[in-house]
Amino acid sequence: MRFRGAAEPASLGRLRAELGAFLTAAGALENLRFDVMLAVSEAANNVLQHAYRHRTAPGALLVAASADATAIRVAVSDDGSGLAPRADSPGAGLGLPLMAQLTDELSVERPAAGGTLVALTWRRPA
């Protein structure tokens with residue numbers, strides 16, 4: 001699955017619908033589906049809240065997902081200003097810890113081209 005949308009609230013509904021369809025096609029069980037949907041929603045909300053805080057127009061929200069017999073992997077990325085502490089943050093700062101709790105593997109990177117890449121992995125039972 002590949003999703004590209006503007007980093008604005010109107011894109012989140014479309015992202016959730018596409019991700020839900022992908023998870024259904026991938027045969028994700030309900031508890032795994034819940035964890036993936038919640039963690040990806042948190043990552044996407046971080047893009048909306050933080051990635052483009054220094055721009056007047058919304059940037060891009062990019063999501064790529066894949067599944068095989070061993071894992072479901074989702075990458076959420078942007079080309080914004082990268083992760084940085086915000087004293088004026090509208091949230092409670094619980095998004096990354098929540099994602100870490102919901103996933104088997106979580107990495108947050110700053111690609112050379114800029115922005116942020118959040119990679120989330122859920123291992124499937126053997």
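Residues numbered from 1 in each chain as written. Predicted model: local features only at pLDDT ≥ 70, side-chain atom pairs only at ≥ 80, totals over all residues. Heavy atoms only, no water.

**Thoughts on the sheet that holds strand 4 (residues 105-109)**
- Overall, antiparallel pairing links the five strands, which are arranged 1-2-3-5-4 in an open sheet. Taken across any chain shown, the strands that pair with only one partner, and hence form the sheet edges, are strand 1 (2-6) and strand 4. Direction aside, neighbouring strands of the sheet carry axes that sit 10° apart on average.
- The pairing of strand 1 with strand 2 (residues 60-67) spans five bridges and is classified as antiparallel. Considered in strand 2, the bridge of Gly5 is made with Leu61.
- Contacting strand 1, strand 2 and strand 3 (71-78), helix 1 (residues 9-25) runs over the sheet at an angle of about 175° to strand 1.
- Against the sheet, helix 3 (residues 95-102) engages strand 4 and strand 5 (116-123), with an angle of about 145° to strand 4. (Pairing = 2+ DSSP bridges. Helix = DSSP H or I, 4+ residues; strand = E, 2+ residues; numbered from the N terminus. Axes fitted to C-alpha atoms, helices over the stretch in contact; angles between N-to-C directions. Contact = heavy atoms within 4.5 Å.)

**Things to note about the environment of Val40**
- Looking at where Val40 falls in the secondary structure, it is placed in helix 2 (residues 30-51).
- A C-alpha to C-alpha distance of 7.3 Å links Val40 and Val76, two positions 36 residues apart in sequence.
- With residues up to four places along the chain from it excluded, the contact list for Val40 reads Leu15, Leu19, Val74, Val76, Leu120 and Trp122.

**Overview of the packing of helix 2 against helix 3**
- Running from amino to carboxyl end, helix 2 crosses helix 3 at an angle of 155°, the nearest separation of the two axes being 9 Å. Accordingly, the angle class assigned to the pair helix 2 and helix 3 is roughly antiparallel. Considering only the axes of helix 2 and helix 3, their crossing is left-handed. In this structure, helix 2 contributes Asp35, Leu38, Ala39, Glu42, Ala43 and Asn46 to the contact, and helix 3 contributes Gly95, Leu96, Leu98, Met99 and Leu102.
- Its residues placed into classes, the contact of helix 2 with helix 3 shows seven nonpolar, two polar and two charged. (Parallel < 35°, antiparallel > 145°, perpendicular 65-115°, else oblique. Left-handed = near helix turned anticlockwise from the far one by under 90°. Nonpolar A, V, L, I, M, F, W, Y, C, P; charged D, E, K, R; others polar.)

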